[in-house]
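Architecture and fold: a report
These are the residues of each chain, in order.
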Amino acid sequence: WIYKEKSLAYEIPPEFKSIYAYSMSGLITQLKAKVFISTLNTSDFIPFFVTPRNIVVQLWHGSPLKNIGIDSRKTIVRKMLDRLRFMTLDKYTYCLSPAAIFDDKFASAFLLKKENILRSAYPRNMSLFISDQRKKQIRDSLNISEDTVLVLYLPTHRKEGNDSSVYTKSLELSKYDDVLHHHNIQFIIKPHFYDIDNFRLFKDSSSIKVLFDLDIDLYELLASSDALVTDYSSVFFDYELLRKPIFIFPFDLDEYIASDRGMYFD
């Protein structure tokens, strides 16, 4: 496990072998490595240590609902720059795809041939299938009783966090605090990491709270919840595995498509 921020050394479980990217052992390990497995791009490592001799596996971080990679670019220049990047620095050998409906999306987004798409479940989804005992531990850690309805709101970002509309819309929830409390519903907002700074001034109430830094696996939290509210986040594809209620809340759909990203699906 290669990490590039020293503070992460204390967060990675000891059972994982991890190395700081810029240490001597980190540099040597990356120079010797044959296979690189990424969830974003080669910036997960020291990018220029990844060469054409390597096998590069793109796990990605979500089944695409909104456009990604080349497909997300609005101008010809940005599309050309991305094409150049995916032919050189971020030239992937394989990309994981959990279902056939995503294959052509990944191929288009990352400039891949269909034979380079690997059918595989996402490793992170294993955390959705935890024991009832573990679910209770997680809810107890958040002081949420067994009879409380736990609803998670996981909105995606707008313009990499340079738009505060998700925060503004979340503030409107405060009007319903009494209603939520009356029906024993706990509403937890987990902002996208691009939006964390936008939510710093959010004031928790009895039934509405914001989670910034998780001490638990986010997907274990999903497994312990009762319902999901989201918008254009790919998390809803994963949450479907739980057969629990999902509420799509696309409050800015037309604006999002026009000025942010398009969609692969209607």
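The paragraphs below set out a description of the structure included in this document. (Residues numbered from 1 in each chain as written. Predicted model: local features only at pLDDT ≥ 70, side-chain atom pairs only at ≥ 80, totals over all residues. Heavy atoms only, no water.)

As for the pairing of strand S5 (residues 94-97)
Our working definition: Criterion used throughout: strands pair if DSSP finds at least two bridges between them. The secondary structure listing takes helices from DSSP runs of H or I that are at least 4 residues long and strands from runs of E that are at least 2 residues long, numbered from the N terminus. Handedness of a crossover is defined as follows: with both strands directed away from the viewer, a clockwise route from the first strand across the helix to the second makes it right-handed.
Examined bridge by bridge, strand S4 (residues 55-58) and S5 share two bridges and lie parallel to one another. From the neighbouring strand, Gln-58 faces S5, where its bridge partner is Cys-95. The parallel pair S4 and S5, bridged by helix H2 (residues 76-87), forms a crossover whose chirality is right-handed. The pairing of S5 with strand S6 (residues 117-119) spans three bridges and is classified as parallel. From the neighbouring strand, Ser-97 faces S6, where its bridge partner is Arg-119. Following the chain from S5 across helix H3 (residues 100-110) to the adjacent parallel S6, one finds a crossover that is right-handed.

What to know about the packing of aromatic side chains
As a reminder, the rule being used: Pairing of aromatic side chains here covers Phe, Tyr and the six-membered ring of Trp, requires ring centres within 6.5 Å, and sorts the geometry by plane angle: under 30 degrees stacked, over 60 edge-to-face, intermediate tilted. Only protein chains enter the accessibility calculation, which uses a 1.4 Å probe; a residue is then buried when its area is under 20% of its type maximum, exposed when over 50%, and partly exposed in between.
As enumerated under the stated definition, the model contains 20 aromatic pairs in all. With 6.0 Å between their ring centres and 90° between their planes, Phe-102 and Phe-265 make a pair best called edge-to-face. Within this pair, whereas Phe-102 is found in helix H3, its partner Phe-265 is found in the segment after helix H9 (253-259), the two being separated by 163 residues in sequence. Residue class for Phe-102 comes out buried when judged on its relative accessible area of 3%.

Points about the sheet that holds strand S10 (residues 227-230)
Cut-off, in case you're wondering: Interaxial angle, 0 to 180 degrees, is taken between N-to-C directions of lines fitted to C-alpha atoms, where a helix line uses only the stretch in contact.
A sheet is described by the order of its strands in space; here five strands give the open sequence S9-S8-S7-S10-S11, paired in parallel fashion. Edge strands, defined here as strands with exactly one partner in the open sheet, are strand S9 (208-210) and strand S11 (246-248). In this sheet, neighbouring strand axes are inclined to one another by 20° on average, regardless of whether the strands run parallel or antiparallel. Bridging between strand S7 (residues 149-154) and S10 involves four bridges; their strand directions are parallel. Bridge pairing links Tyr-153 to Val-229 in S10.

A look at unusual backbone geometry
Unusually for a residue other than glycine, Leu-111 sits at a positive phi of about 60°. Counting through the fold element by element, Leu-111 comes out in the loop between H3 and S6.

Examining the side chain of Asp-71
Put simply, the rule is: Two residue types count as positive, namely Lys and Arg, and two as negative, namely Asp and Glu; His and chain ends fall outside the count. Here a salt bridge means any side-chain nitrogen of Lys or Arg lying within 4 Å of a carboxyl oxygen belonging to Asp or Glu. Two N or O atoms form a polar contact when they lie within 3.5 Å of each other; inside protein one atom must be a possible hydrogen donor and the other a possible acceptor, and for residues adjacent in sequence the pair counts only when both atoms belong to side chains. For this analysis, residues touch if any pair of their heavy atoms sits within 4.5 Å.
Examined against the element boundaries, Asp-71 turns out to sit in the loop between S4 and H2. Buried and unpaired, Asp-71 has Lys-79 as its nearest opposite-charge partner, separated by 5.3 Å. Here the side chain of Asp-71 touches Ala-109 through a polar contact of 3.4 Å, landing on its backbone nitrogen. Ignoring sequence-local partners within four residues, the contact set of Asp-71 consists of Lys-79, Lys-105, Ser-108, Ala-109 and Tyr-264.

A few points about a negative patch on the surface
For clarity, the threshold we go by: Two joining distances apply to patches: 9 Å for like charges and 5 Å for nonpolar side chains (Val, Leu, Ile, Met, Phe, Trp, Tyr), and every residue must have over 30% relative accessible area and no salt bridge. Residue-level accessible areas treat just the shown protein chains as cover; the underlying method is Shrake-Rupley with a 1.4 Å probe. One atom stands in for each charge, and that atom is NZ of Lys, CZ of Arg, CG of Asp or CD of Glu.
Taken together, Glu-5, Glu-11, Asp-213 and Asp-215 make up a surface patch of like negative charges. Within the secondary structure, Asp-215 sits in the loop between S9 and helix H7 (218-224). Looking at Asp-215, the relative accessible area reads 80%, which means it is exposed.

As for the pairing of S4
Relative to S4, strand S3 (residues 35-38) is paired through four bridges, and the arrangement is parallel. Among the inter-strand pairings, Phe-36 is bridged to a residue of S4, identified as Val-56.

Structural notes on the sheet that holds S3
Each strand in a sheet pairs with another by means of backbone hydrogen bonds, the pair being arranged parallel or else antiparallel. The parallel open sheet is built from four strands, whose spatial order is S3-S4-S5-S6. At either margin of the open sheet sits one strand with a lone partner, and together these are S3 and S6. Going across the sheet, the axis of each strand differs from the next one's by a mean of 25°, ignoring polarity. Across the sheet, H3 lies against S4, S5 and S6, angled at about 150° from S5, the strand it touches most.

Section: the environment of Ser-234
Take Ser-234: it is sitting in the loop between S10 and helix H8 (235-239). It is 5.4 Å that separates the C-alpha atoms of Ser-234 and Ser-63, two residues lying 171 residues apart in sequence. If sequence neighbours within four positions are ignored, Ser-234 has contacts with His-61, Gly-62 and Ser-63.

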